[in-house]
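Per-entry structural report
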2 protein chains.
Amino acid sequence: MRIERVGGGVTAPQGFRAAGVHCGIKKNGKPDLSLVVSDAPSTQAAGLFTTNLAKAAPVVISQRYLAASGGAARAIVTNSGCANACTGPQGMADAEEMAALAARALGSPAEQVLVASTGVIGVNLRMDALRTGIPSAMAALSENGGSNAAQAIMTTDPFPKEASVEVFTDVGSFRVGGMAKGSGMIEPRMATMLGYLTTDAAVDQGLLHRALTDACRFTFNAITVDGEPSTNDCVLALANGMSGVVIDEGLYPALFEGFRQVAHELALGIVRGGEGATKLVAITVTGAASDADGWTAARAIANSPLVKTAVHGGDPNWGRLVAAAGRSGAKFVLDGARVQIGPLVLFENGRPFDERASDAAEYLKGSSLEITVDVGAGGGHSATVWTCDLTAEYVKINAEYRT
Amino acid sequence: MRIERVGGGVTAPQGFRAAGVHCGIKKNGKPDLSLVVSDAPSTQAAGLFTTNLAKAAPVVISQRYLAASGGAARAIVTNSGCANACTGPQGMADAEEMAALAARALGSPAEQVLVASTGVIGVNLRMDALRTGIPSAMAALSENGGSNAAQAIMTTDPFPKEASVEVFTDVGSFRVGGMAKGSGMIEPRMATMLGYLTTDAAVDQGLLHRALTDACRFTFNAITVDGEPSTNDCVLALANGMSGVVIDEGLYPALFEGFRQVAHELALGIVRGGEGATKLVAITVTGAASDADGWTAARAIANSPLVKTAVHGGDPNWGRLVAAAGRSGAKFVLDGARVQIGPLVLFENGRPFDERASDAAEYLKGSSLEITVDVGAGGGHSATVWTCDLTAEYVKINAEYRT
């Protein structure tokens with residue numbers, strides 16, 4: 001197996017077309033309606049959805065449709081600028097109509113269209129905009145439309161997130177494409193904000209869901225911007241089989257790795273473009289007593305406002321890393337703990353190495369950082385979570401969001 | 001029972017003297033050494049300590065001494081400017097010497113002196129400063145020294161926190177005094193940062209520990225600034241009996257209420273003086289399925305950076321309150337949920353009341369706010385957590401802390 005990067009995002013695999021248009025939900029005239037369509041009637045679909053109990057209407061509807069169709073889907077319709085969350089029965093009816101509008105144009109059953117929304121919570125969708133917009137987006141569908149689609153799902157994102165690869169196997173090659181959005185309210189538990197993967201491999205339901213779950217575990221589910229799993233998070237995957245490569249158990253690692261690489265690039269893009277973020281930080285916890293403990297400690301450090309502000313200020317304040325690990329709930333043994341910032345060990349065997357602080361401060365001036373904390377529990381378990389710094393700009397963006 | 005406010009802080013009760021001096025740990029010349037002494041040799045003591053597994057040396061030593069003495073203590077010595085945390089065997093020896101220096105001057109066993117430290121993690125104490133400073137502080141002890149002592153325990157606190165009351169019962173009156181510090185790294189689980197309560201009631205170990213635990217549950221343990229339980233948190237109580245009022249089961253409510261009122265005022269002072277804070281916010285969760293669920297949801301909302309920035313910006317963004325409750329882990333039923341900002345209901349029965357948003361924005365301009373979220377689980381359980389807004393100033397303080 002060999003993997004190469006290719007261009008095209010969600011339209012990189014054969015048989016996928018996409019579009020992104022402005023339909024009138026965003027007041028600033030930016031693209032706010034995104035469409036991804038597979039040309040193969042038997043396209044398989046899988047989805048992971050937010051664990052937030054305040055699920056948005058499109059999340060409820062997409063989950064219901066996936067179950068009803070047995071995991072078949074032809075299209076994903078997404079609007080930005082309005083989350084259609086906490087909108088009561090009207091919100092559910094609107095999400096259903098959104099799917100129906102696309103289904104009618106495609107000549108497919110409504111439950112083969114998945115819907116997603118992102119934006120402000122508690123506001124109803126402008127259905128008049130969608131009633132004219134969805135047909136317009138259908139007319140704009142193109143094999144090169146991936147990047148338009150990726151732009152149309154953005155809210156506070158500073159840049160669009162797209163990725164695509166070609167996976168070469170002994171029996172031929174297939175492609176995996178993807179796009180994602182997300183900048184605030186980011187700490188996925190099952191999935192984050194909106195992420196879409198497409199592939200022209202032929203994959204049955206079971207393997208598709210497994211590949212999506214496995215790939216997300218180390219990508220979309222391993223990032224955080226502000227520790228806030230949203231009401232609308234979902235990651236969807238479509239597989240249309242048009243490459244002719246059929247994924248079986250033997251080829252599963254190739255599909256997983258294709259999904260993982262595309263999802264990794266998209267997920268890191270979300271963190272790099274986190275609200276107000278200036279630095280991408282990989283937090284790795286080692287020496288954890290269990291796998292769960294590793295994740296618990298890594299998440300606690302990655303969400304610590306004191307760690308995130310220290311990183312922002314370029315302060316190698318390893319004490320905050322120790323304090324965050326110590327209060328995380330994971331097993332922690334101070335005497336065995338160890339903190340490493342970049343290549344520099346700043347604390348080990350109960351002893352600080354303050355003479356290395358100025359080198360560490362220099363390292364922290366970079367925009368892509370690695371921090372490792374051994375929690376001293378003597379276990380062989382580790383976990384990596386990607387986070388960003390916490391800045392005054394994050395406060396500004398979120399204090400002014402609707403005003 | 002009747003309770004009246006009195007002045008004096010920790011020295012309000014009879015038989016307590018205190019001092020606050022500069023000994024040389026802080027470079028800026030501000031007070032950095034605080035001493036609280038009881039004149040009664042048989043003073044009872046109780047303590048609640050951080051649940052952080054990276055416990056600072058003075059926390060370990062104070063816990064050990066309380067156990068060794070059977071809950072007797074004559075004095076509390078506190079330094080600010082250095083947390084003596086993550087300092088290895090040297091840190092433990094320094095904490096022991098700190099207690100011994102005060103014990104020698106008092107003529108008491110070392111284990112009857114409790115020690116506490118607050119400030120930067122990972123730096124050793126300057127023992128030369130303490131060797132001359134502790135005798136100086138002893139010489140400065142005064143019955144009016146409460147406010148000096150409260151100033152000497154401050155770090156990033158914008159103002160000192162003191163409170164004291166007199167509790168009138170059928171068998172006479174007694175007083176409760178207190179002081180506290182804390183501004184960042186605040187989310188107590190067992191206790192927060194440093195809090196001290198003194199009383200001239202006579203209380204045995206069992207009742208003293210119970211009153212401290214019960215009072216802290218709704219005060220020090222119900223506040224958060226940034227969701228960061230620190231390495232050094234502790235709340236200590238001393239009872240010297242000099243009022244002649246003996247607390248038994250019948251008088252327990254009087255002691256509890258005295259402790260609760262003093263601790264409430266101190267705890268709210270910590271939040272109001274939280275790093276960068278401009279607003280104090282009481283988050284009340286109602287309709288929770290269990291007591292634990294009420295606390296879980298209230299803490300999640302109170303620590304949500306999106307809620308805290310919305311409050312800062314005066315944006316009545318109730319969707320963020322719903323989202324935080326929905327992802328908290330507590331049982332949450334969207335259709336039964338209800339959000340109230342001040343007197344204004346903004347979401348109920350799945351319906352937003354956006355016409356009230358401008359009134360809610362007006363209410364949010366205040367500096368002391370109340371927000372209530374019913375999680376719709378139909379239980380009769382509720383909880384209140386006090387928090388503050390998240391501001392650019394918080395980021396500034398913590399990005400620049402050591403540089």
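None of these values were measured; they are calculated from a predicted model. Each chain carries its own residue numbering, running from 1 in the written order of its sequence. The order in which chains are written sets their letters, starting at A; the order in which ligands are written sets their numbers, starting at 1. In keeping with the model being predicted, local features are shown solely for residues with a pLDDT of at least 70 and side-chain atom pairs are shown and tallied solely at 80 or more, while totals for entire chains, interfaces and linings include all residues. Each side-chain value is worked out from all heavy atoms of the structure, with water and hydrogens disregarded.

1. A look at the overall build of chain A
Put simply, DSSP marks the helices as runs of H or I at least four residues long and the strands as runs of E at least two long, and each gets a number from the N terminus on. Across its full length, chain A holds eleven helices and 16 strands. Scaling as 2.2 N^0.38, a compact globule of 403 residues should have a C-alpha radius of gyration of about 22 Å, and chain A matches this with 22 Å. Seen through its principal axes, chain A has C-alpha atoms that stretch 70 × 55 × 30 Å. A buried classification covers 64% of the 403 residues belonging to chain A. Looking at chain A alone, contacts between residues at least 24 apart form 80% of all its contacts between residues at least 6 apart. When the accessible surface of chain A is summed, it comes to about 13100 Å², and 50% of that surface belongs to carbon and sulfur atoms. Atoms counted for the radius of gyration: C-alpha only. Globule rule: 2.2 Å times residue count to the power 0.38. The buried label applies to any residue whose accessible area, calculated with a 1.4 Å probe on protein chains only, is under 20% of its type's maximum; exposed applies above 50%, and partly exposed to all values in between. The contact definition used throughout considers only heavy atoms, calling two residues in contact when any of these lie within 4.5 Å. Per-residue and other accessible areas follow the Shrake-Rupley method at a 1.4 Å probe size, with only the shown protein chains counted as cover for residues.

2. Quick look at the interface of chain A and chain B
Contacts between the two partners involve 52 residues from chain A and, on the opposite side, 51 residues from chain B. What gets called buried area is simply the loss in accessible area from a 1.4 Å probe that two parts show on being joined, summed for both. Buried surface at the junction of chain A and chain B, summed over both partners, amounts to about 4100 Å²; 61% is from carbon and sulfur atoms. Salt bridges are counted wherever a side-chain nitrogen of Lys or Arg sits within 4 Å of a carboxyl oxygen of Asp or Glu. Remark: the boundary between chain A and chain B carries zero salt bridges. The definition of a polar contact used here is a pair of N or O atoms within 3.5 Å, where within protein one atom must be able to donate a hydrogen and the other to accept one, and adjacent residues in sequence count solely through side-chain atom pairs. Counting across the interface, chain A meets chain B through eight residue pairs in polar contact (both at pLDDT 80 or more). At the level of secondary structure, the elements contributing two or more residues to the side of chain A that touches chain B comprise helix 8 (305-313), helix 9 (318-326) and helix 11 (392-399) of chain A.

3. Digging into the sheet that holds strand 4 (residues 44-49) of chain B
To summarise the sheet geometry, strands pair through backbone hydrogen bonds and adopt either a parallel or an antiparallel arrangement. All names here are of chain B. Two strands qualify as a pair provided that DSSP identifies no fewer than 2 bridges between them. Spatial ordering of the open sheet is given by 1-7-8-9-10-4, a layout of six strands whose pairing is mixed. If you trace the sheet from one side to the other, it starts and ends with strand 1 (2-5) and strand 4, each paired once. Adjacent strand axes in the sheet meet at a mean angle of 15 degrees, parallel and antiparallel pairs treated alike. Judged from the six bridges that link them, strand 4 and strand 10 (residues 234-239) form a sheet pairing that is antiparallel. Paired with Leu48 across the bridge in strand 10 is Val235. Helix axes are fitted to C-alpha atoms over the stretch in contact, other axes to C-alpha atoms as well, and angles between N-to-C directions run from 0 to 180 degrees. Helix 5 (residues 205-217) contacts strand 4, strand 9 (194-199) and strand 10 of the sheet and is inclined by roughly 35 degrees relative to strand 4. Strand contacts of helix 6 (residues 252-272): strand 1, strand 7 (161-169), strand 8 (172-181), strand 9 and strand 10, with the helix running at about 160 degrees to strand 7, the strand carrying the most contacts.

4. With respect to the packing of helix 5 (residues 205-217) of chain A against helix 6 (residues 252-272) of chain A
Residues and elements named next belong to chain A. Helix 6 packs onto helix 5 with a crossing angle of 45 degrees between their chain directions and a minimal axis gap of 9 Å. With respect to helix 6, the element helix 5 is oriented oblique. Considering the relative orientation of helix 5 and helix 6, their crossing is right-handed. Contacts between helix 5 and helix 6 involve Leu207, Leu208, Arg210, Ala211, Leu212, Asp214 and Ala215 from the first element and Tyr252, Leu255, Phe256, Phe259 and Arg260 from the second. Gly counts as polar in this scheme, as do all residues outside two lists: the nonpolar Ala, Val, Leu, Ile, Met, Phe, Trp, Tyr, Cys and Pro, and the charged Asp, Glu, Lys and Arg. A per-class count over the contact of helix 5 with helix 6 returns nine nonpolar, no polar and three charged. Oblique is the label for every angle not falling under 35 degrees (roughly parallel), over 145 degrees (roughly antiparallel), or within 65 to 115 degrees (roughly perpendicular). Whether a crossing is left-handed or right-handed is set by the direction in which the near helix is turned from the far one by less than a right angle, anticlockwise for left-handed and clockwise for right-handed.

5. Section: the packing of helix 8 (residues 305-313) of chain B against helix 9 (residues 318-326) of chain B
All names here are of chain B. One can describe the packing of helix 8 onto helix 9 by two numbers: an axis separation of 9 Å at closest approach and a directional angle of 160 degrees. Taken together, the axes of helix 8 and helix 9 are roughly antiparallel relative to one another. Considering the relative orientation of helix 8 and helix 9, their crossing is left-handed. Only Arg320, Leu321 and Ala324 of helix 9 make contact with helix 8, whose side of the interface consists of Leu306, Val307, Thr309 and Ala310. Classifying every residue of the contact of helix 8 with helix 9 by side-chain character gives five nonpolar, one polar and one charged.

6. Points about the relation of the copies chain A and chain B
For these two chain copies, the linking operation is a rotation about an axis paired with a shift along it. For the pair chain A and chain B, the best superposition has an RMSD of 0.0 Å and corresponds to a rotation of 180 degrees with a translation of 0.0 Å parallel to the axis. In symmetry terms, the pair is related by a two-fold rotation axis. Looking at the rotation axis and the C-alpha trace of chain A, the residue lying nearest is Ala392 of chain A, at 2.1 Å. When you check the interface residues of chain A against chain B, 98% turn up at the interface there too, and the contact is symmetric in its surfaces. Copy-to-copy superposition: least squares on the C-alpha atoms, limited to residues that have pLDDT of at least 70 in both copies.

7. Points about the packing of aromatic side chains
Working definition: a ring pair exists when centres of Phe, Tyr or Trp rings (six-membered ring for Trp) sit within 6.5 Å. Plane angles under 30 degrees give stacked, over 60 give edge-to-face, the rest tilted. Inspection of every chain in the model, using the stated rule, returns four aromatic pairs over all chains. Judged by centre distance (6.4 Å) and plane angle (45 degrees), the rings of Phe218 of chain B and Trp295 of chain B are tilted. Of this pair, Phe218 of chain B sits in the loop between helix 5 and strand 10 while Trp295 of chain B sits in helix 7 (residues 291-303), placing them 77 residues apart in sequence. In this structure, Lys161 of chain A is placed above the aromatic ring of Phe159 of chain A, and the distance from its NZ or CZ to the ring centre is 4.9 Å. Here, a charge over a ring is recorded when the distance from Lys NZ or Arg CZ to the ring centre is within 6 Å and its angle to the ring normal is within 35 degrees. Over the aromatic face of Tyr252 of chain B sits the side chain of Arg210 of chain B, whose NZ or CZ is 4.0 Å from the ring centroid.

8. Topic: the pattern of salt bridges
All names here are of chain B. Here the structure, examined in full by the defined rule, presents 28 salt bridges over all chains. Across the pair Asp39 and Arg17 runs a salt bridge whose closest N-O atoms are separated by 3.1 Å. Of the two residues, Asp39 sits in the loop between strand 3 (33-38) and strand 4 while Arg17 sits in strand 2 (residues 16-21), which places them 22 residues apart along the sequence. Owing to a relative accessible area of 31%, Asp39 belongs among the partly exposed residues under this scheme. For Glu355, the salt bridge goes to Arg351, with nearest N and O atoms at 3.5 Å. Looking at Glu355, the relative accessible area reads 53%, which means it is exposed.

9. So, the state of the cysteines
Residues and elements named next belong to chain A. The criterion for a disulfide is a pair of cysteine sulfur atoms lying within 2.5 Å. Scanning all chains against the criterion turns up zero disulfides over all chains. Sulfur of Cys82: no disulfide; nearest cysteine sulfur belongs to Cys23 and is 10 Å away. Relative accessible area serves as the criterion here: at 3%, Cys82 is assigned to the buried category. For the unlinked cysteine Cys86, the closest cysteine sulfur is that of Cys82, found at 11 Å.

10. Let's talk about the pairing of strand 9 (residues 194-199) of chain A
Residues and elements named next belong to chain A. Counting buried positions along strand 9 yields six of six residues, so the element is predominantly enclosed. By the alternation rule, side chains of strand 9 split into Leu194, Tyr196 and Thr198 and Gly195, Leu197 and Thr199, which are all buried. Bridging between strand 8 (residues 172-181) and strand 9 involves six bridges; their strand directions are antiparallel. Bridging across to strand 9, Val176 finds its partner in Thr199. Judged from the six bridges that link them, strand 9 and strand 10 (residues 234-239) form a sheet pairing that is parallel. The residue bridging Gly195 from the neighbouring strand is Val235, located in strand 10. A crossover links strand 9 with its parallel partner strand 10, the connecting element being helix 5, and its sense is right-handed. The handedness of a crossover follows from its direction of travel: if, with the strands pointing away from the viewer, the path from the first strand over the helix to the second runs clockwise, the crossover is right-handed.

11. Description of the sheet that holds strand 12 (residues 338-341) of chain A
Residues and elements named next belong to chain A. In space, the six strands of this open sheet follow the order 14-13-12-15-11-16, with mixed pairing throughout. Of all strands in the sheet, those bounded by a partner on one side alone are strand 14 (351-352) and strand 16 (381-388). Where strand 12 lies against strand 13 (residues 344-348), four bridges are found, and the strand directions are antiparallel. Each residue of the ladder has a partner; that of Arg338, found in strand 13, is Glu348. Each of strand 11 (280-288), strand 15 (368-374) and strand 16 touches helix 7 (residues 291-303); the most contacted strand, strand 16, lies at about 20 degrees to it.

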